[in-house]
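Overview (structure and organization)
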Amino acid sequence: MPETLPPLLLVGCGKMGGAMLDGWLKEGLAPSFIVDRHRESVPAPHHLVRSLDDVPADFRPGMIILATKPQKVDAVMSAVAPFTVHAPVISVLAGRTVKNLTDALAAHLPPGSPTPIVIRTMPNTPSAIGQGMTVCYAPPIATPAQRKLCTRLLRAVGEVAWVEHEDQIDIVTSISGSGPAYVFLLAELLEQLGVADGLPPDLARLIARQTVSGAGALMQHSGIDAATLRRNVTSPNGTTQKALEVLMADGAWPATLAAALKAGAKRARELSGPQPVS
């Protein structure tokens, strides 16, 4: 397969890192280094190493991807820092701001070194099947070419969008980062209620899962906005309308979902710490 992507330094190859790597391999990835203690192998000509100390000092990646667990990234900062002189960093770490990571990397560079460029991203779990939603924030020092390469890399696992202010990542985290859990909860509740009303468990599960996944697929492939799709399935004075009158009443879904998103965004801000001024 022709190489279409530059060499990468991928630090951490768990569920998210592994999903991204699978997408990049399909796109034709130039020989890269993958740093992970648990993965068993990577296809040639790529290199799997257990430590950043095993990456040659003269390796020149086109991009560095930090995909470790957030609480473990500080242990690799000193080894990652030298590579940032030549390449920007994509962070998929929840709760770590651009300033936090930039300062941590810069602390391990000689005086006068260029400021590390860190692009913060928030992917979600459907990235594992190439259906992810990743939202990115880049500081002003990031170049258009670096943003373009970031978009190109992350499109390997789904859709990509950008925000202009880093504090917008908090609500993004609550909507798309945590959003799959809300959808899974809907399927879980539909299944439970079906069983409670007498459906066999296997049938209740099939109906709930296929209804949720089918509705999502219809929304994605039709290109029709969600409100129109909702109206299209709602016959006047029919069963759907009666159910929606309950769900959309004052204090019901619109209010509780808004409260849930605010709670998630608040927790994201707490985990991220003070936000820099954009």
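Criteria and thresholds
Residues numbered from 1 in each chain as written. Predicted model: local features only at pLDDT ≥ 70, side-chain atom pairs only at ≥ 80, totals over all residues. Heavy atoms only, no water. Helix = DSSP H or I, 4+ residues; strand = E, 2+ residues; numbered from the N terminus. Contact = heavy atoms within 4.5 Å. Areas by Shrake-Rupley, 256 points an atom, 1.4 Å probe, with all protein chains shown as cover. Lys, Arg positive; Asp, Glu negative; His and termini not counted. Charge placed at Lys NZ, Arg CZ, Asp CG, Glu CD. Core = buried A, V, L, I, M, F, W, Y, C linked by side-chain atoms within 4.5 Å. Buried < 20%, exposed > 50% of the residue type's maximum accessible area, 1.4 Å probe, protein only. Axes fitted to C-alpha atoms, helices over the stretch in contact; angles between N-to-C directions. Parallel < 35°, antiparallel > 145°, perpendicular 65-115°, else oblique. Nonpolar A, V, L, I, M, F, W, Y, C, P; charged D, E, K, R; others polar. Phe/Tyr/Trp six-rings, centres within 6.5 Å; stacked < 30°, edge-to-face > 60°. Lys NZ or Arg CZ within 6 Å of the ring centre and 35° of its normal. Salt bridge = Lys/Arg side-chain N within 4 Å of Asp/Glu carboxyl O. Expected span 1.5 Å × (residues − 1). Arc of directions from axis to C-beta.

The next subject is the overall build of the protein chain. Broken down by element type, the protein chain carries 10 helices and 8 strands. If one aligns the C-alpha atoms of the protein chain with their principal axes, the spans along those axes are about 70 × 45 × 30 Å. A separation threshold of at least 6 residues defines the contact pool for the protein chain, and within that pool the share at least 24 residues apart is 62%. Accessible area of the protein chain: about 15500 Å², with a carbon and sulfur share of 60%. Positive and negative charge centroids in the protein chain, built from 24 and 23 side chains respectively, lie 2 Å apart.

Looking now at the nonpolar core. Core analysis: the biggest nonpolar cluster contains 31 residues, and Leu9, Leu52, Val55 and Val80 have the highest contact counts within it. Counting residues per element, the ones that place at least two in this core are strand E1 (8–11), strand E2 (33–35), strand E4 (63–66), helix H2 (77–80), helix H3 (98–106), strand E6 (118–122), strand E7 (132–137) and helix H5 (169–177). If you tally residues by element for this core, the top one is H3, at 4 residues. Ignoring anything within four residues of it in the chain, the contact list for Val80 reads Val11, Leu52, Ile64, Leu66 and Leu105. Judged by nonpolar contacts, the second largest core, of 27 residues, contains Leu29, Val42, Ala67 and Ala138.

Here the focus is unusual backbone geometry. For the peptide bond that leads from Ala44 to Pro45, omega is 10°, which places it in the cis range. Here Pro45 shows up in the loop between E2 and strand E3 (47–49). Of note in the backbone geometry, Asn237 takes a positive phi value of approximately 60° without being a glycine. Its location among the elements puts Asn237 in the loop between helix H8 (226–232) and helix H9 (239–247).

Looking now at the packing of H5 against helix H6 (residues 179–196). Packing of H5 against H6 leaves a shortest axis separation of 5 Å and a crossing angle of 30°. Relative to H6, H5 is oriented roughly parallel. Contacts between H5 and H6 pair Ser174, Ile175, Ser176 and Gly177 from the former with Gly179, Pro180 and Tyr182 from the latter. By residue class, the composition of the contact of H5 with H6 is 3 nonpolar, 4 polar and no charged.

Here we come to the packing of aromatic side chains. How two aromatic rings sit relative to each other is given by the distance of their centres and the angle of their planes. Scanning the entire structure with this criterion turns up 1 aromatic pair. Between Phe33 and Phe59, the aromatic rings sit 4.8 Å apart at their centres with planes inclined by 65°, giving edge-to-face as the arrangement. With Phe33 in strand E2 and Phe59 in the loop between E3 and E4, this residue pair connects regions lying 26 residues apart in the sequence. Taking the relative accessible area as the measure of exposure, Phe33 reaches 10% and is therefore buried. In this structure, Arg147 packs its charged tip against the face of Trp162, placed 4.3 Å from the ring centre.

Turning to the pattern of salt bridges, a few remarks are in order. All chains considered together, the criterion is met by 8 salt bridges. Across the pair Arg96 and Asp74 runs a salt bridge whose closest N-O atoms are separated by 2.9 Å. Separated by 22 residues along the polypeptide, Arg96 in the loop between strand E5 (89–91) and H3 and Asp74 in the loop between E4 and H2 bring together distant segments of the chain. Using a relative accessible area of 11% as the deciding quantity, one classes Arg96 as buried. Between Glu270 and Lys266 there is a salt bridge; the shortest N-O distance is 2.6 Å. Highlighted residues: Glu270 and Lys266, both in helix H10 (residues 253–272), separated by 4 residues, approximately one helical turn. For Lys266, a relative accessible area of 45% gives the class partly exposed. Members of the salt-bridge network, linked through shared partners, are Lys266, Arg267 and Glu270.

Here we come to the side chain of Gln146. Within the secondary structure, Gln146 is located in helix H4 (residues 144–154). With a relative accessible area of 17%, Gln146 lands in the buried category. Leaving out residues up to four positions away in the same chain, Gln146 has contacts with Met63, Pro88, Ile117, Ile119 and Ile141.

Our focus in this paragraph is H10. The end-to-end C-alpha distance of H10 is 28 Å, a good match for the 28 Å that 20 residues give at a rise of 1.5 Å each. Where H10 is concerned, the buried positions are Leu261, Ala265, Ala268 and Ser272. One face of H10 carries all of its buried residues, which in axial projection span an arc of 55°. In this structure, H10 carries Lys262 and Leu271 as exposed residues pointing more than 90 degrees from its buried face. The elements touched by buried residues of H10 are E6, H5 and H6.

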